[in-house]
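# Structural characterization, general
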Amino acid sequence: MPTKTHVKKVQLELTSNMNQERGSRKGHQEGWQWRGNARALAKKNRAKRKHFGIDDDNEFETKTQKEFVISREKTGSEVGIVASANAGRFHVFFKGKYIDCALDSELPFVLGHRIVVGDYVTVKQTSGGLVIDHLVERKTALSRLRRDSTHWGDISARNEQIIVANIDTAVIVAAIMNPPFHPKFIDRYLVLVQHGGIKPIICLNKCDLLNERSEILAYYQKLGIQVIRTSAEKSIGIEELKQAIRGQSAVLVGHSGVGKSSLINRITPVADLRVGTTTKKTGKGRHTTTSSELLIWEANSYIIDTPGIRSLGMWDIARENLQLYFDDIDRLAVECTFADCLHDNTAPELCGVIRAMQQGSLPLQRYESYIKILREL
Ligand code: GDP
Ligand code: ZN
């Protein structure tokens, strides 16, 4: 159990060296690296501080919360991982088994309220049972913007809702057909996932139905993103997918019907590994879950099943930062006459991105994905 001396102030700049850290992680991370510029990255890092639920403007709240956030370097064997979170009750995978926890009464309400699946926490025994008493700082977080329903569209009423934490890899699942294949969906998920500091992989499922789409997939591979063809139905590519997410915490994202549940069933063959009592495996398909849950399919290998991010479409990205998530566009932008060019057709003759699109070196689909998201920001 960490003593007070172990409890360190949260390092607000922790994300500033994230790209280095990511780049230096083991072999599976190779080929994917952050290429944003320093100014934009600093801006992004400021936004990421919100992932700790820390409001810089509220000094009291910030100080109090910091005391309950432990630096990742200081954590030891007393740390567990949150497998499910429902109404103040948590399933925590702790020392090889699942335990049922509440929150320590000393933990600030705001912080406790924001503990999500995938979070690392410390646990202590009290007379009332096991409780979570500290949160370990997050390395990544996938979040969505929540709007206050009484102020729909009002920027000031927006706030961020973290859905899952500490994801290493997000598998963006698309189906080759049924539902129809739309690379623009992949582009949108790529923005979302990379915004959370998470490595993306593309999984093209239902490849038993058709053997096409090579061109666009080769383009994503050229961008440094691993592409895996699978068939959950015929059990094709499952080993390759497992290999890509082994030893990591992974999440499957993608539209409904592409086969995410079927893939998870292939990856976690033993129903008993499922967390909690709310979800039961049903014959072929799975019981639909309404909250996230973490499944362990091998030692140190987790899959987080997250209905909450299946249809994410809201953004918290500054317009000038969007291109950071489009590696190809970001590279072409050096050819633009103006450094702050948004490549949105205001002065096409001065824009290197539009030129590349017209000359065919940038796929039209990529440019259209970029413009469509830009207009939503
Ligand atoms: P989810 O909504 O993304 O979780 O998708 P599901 O796993 O529920 O799958 C949707 C439908 O697609 C189901 O009827 C599955 O049987 C089917 N399906 C899933 N994977 C494959 C596959 O690889 N090939 C084929 N032909 N059908 C699949
Ligand atoms: Zn431009």
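Notes on the structure in this doc start here. Here the residue numbers are simple positions, counted from 1 along each chain's written sequence. Starting at A for chains and at 1 for ligands, labels are handed out in the order in which the entities are written. Predicted model: local features are reported for residues with pLDDT of at least 70 only, side-chain atom pairs are reported and counted for 80 or more only, and whole-chain, interface and lining totals are derived from all residues. Side-chain numbers here rest on the full set of heavy atoms in the structure, without hydrogens or water.

### Quick look at the coordination of the zinc ion (ligand 2)
Around the zinc ion (ligand 2), the donor atoms from the protein are C336 (SG), C341 (SG), H343 (ND1) and C351 (SG), and they sit 2.1 to 2.4 Å away. Donor criterion used throughout: N, O or S atom within 2.8 Å of the metal, extended to 3.2 Å for Na, K and Ca. Water excluded; incomplete-looking sites may result. Square planar and octahedral sites, with four and six donors, are those where opposite donors lie more than 155 degrees apart and all other angles lie between 65 and 115, tetrahedral sites have four donors with every angle between 85 and 135 degrees, and the rest are irregular. Angles of 100 to 117 degrees at the metal separate the 4 donor atoms of the zinc ion (ligand 2), which places the site in the tetrahedral class. Within one chain, the residues serving as donors to the zinc ion (ligand 2) are arranged as C-x4-C-x1-H-x7-C. With C341 in the loop between helix 9 (327-332) and helix 10 (352-359) and C351 in the loop between helix 9 and helix 10, the pair connects residues that are 10 residues apart, well separated along the chain. When sorted by exposure, C341 lands in the same class as C351, which is buried. Note on conventions: DSSP H or I runs of at least 4 residues are helices, E runs of at least 2 residues are strands, and numbering of each starts at the N terminus. For every residue, the accessible area (1.4 Å probe, protein chains only) is compared with the maximum for its type, and the residue is labelled buried under 20%, exposed over 50%, or partly exposed between those bounds.

### What about the site of ligand 1?
Within the structure, ligand 1 sits among 15 residues, and D208, A232, G257, S261 and S262 are positioned closest to it. In the analysis that follows, any N or O atom pair within 3.5 Å is treated as a polar contact, provided that within protein one partner can donate a hydrogen and the other can accept it, and provided that, for residues neighboring in sequence, both atoms belong to side chains. One of the backbone N or O atoms of E233 is found 3.2 Å from an oxygen atom in ligand 1. K260 is positioned such that a nitrogen or oxygen atom in its backbone is 2.8 Å from an oxygen atom of ligand 1. Looking at the shell around ligand 1 element by element, the count peaks at 3 residues for helix 8 (residues 260-267). Following the grouping adopted for this structure description, the nonpolar residues are Ala, Val, Leu, Ile, Met, Phe, Trp, Tyr, Cys and Pro, the charged ones are Asp, Glu, Lys and Arg, and the polar ones are all others, Gly among them. Per-class residue counts for the shell around ligand 1 are 3 nonpolar, 8 polar and 4 charged. In these notes, residues near a molecule or strand are those with any non-hydrogen atom within 4 Å of it.

### Brief notes about the nonpolar core
For this analysis, a nonpolar core means a set of buried residues of the types Ala, Val, Leu, Ile, Met, Phe, Trp, Tyr and Cys, connected via side-chain atoms within 4.5 Å. With 55 residues, the main nonpolar core has Y220, L294, L362 and Y370 as its most contacted residues. Considering each element in turn, this core owes the most residues, 6 residues, to helix 5 (residues 183-195). Setting aside anything within four residues of it in sequence, one finds Y370 in contact with L322, Q323, F326, I329, L342 and H343. Of all hydrophobic cores here, the second largest spans 20 residues; its members include A175, I201, L252 and W297. Only heavy atoms matter for contacts: two residues are in contact if any of them lie within 4.5 Å across the pair.

### With respect to the sheet that holds strand 14 (residues 301-305)
The criterion for strand pairing is that DSSP finds at least two bridges linking the strands in question. Strand order in this open sheet of 6 strands is 11-10-9-12-14-13, and the pairing throughout is mixed. Only two strands of the sheet have a single partner each, and these edge strands are strand 11 (226-229) and strand 13 (293-298). Neighbouring strand axes in the sheet, compared pairwise and without regard to direction, differ in orientation by 25 degrees on average. Pairing of strand 10 (residues 199-205) with strand 11 involves 4 bridges; the strand directions are parallel. Note on strand 11: the bridge partner recorded for I201 is Q226. Helix-sheet contacts for helix 7 (residues 238-245) involve strand 9 (169-175), strand 10, strand 11, strand 12 (249-253), strand 13 and strand 14, and the interaxial angle to strand 11 is about 150 degrees. Packed on one face of the sheet, helix 8 meets strand 9, strand 10, strand 12, strand 13 and strand 14 and runs near 150 degrees to strand 12. Interaxial angle, 0 to 180 degrees, is taken between N-to-C directions of lines fitted to C-alpha atoms, where a helix line uses only the stretch in contact.

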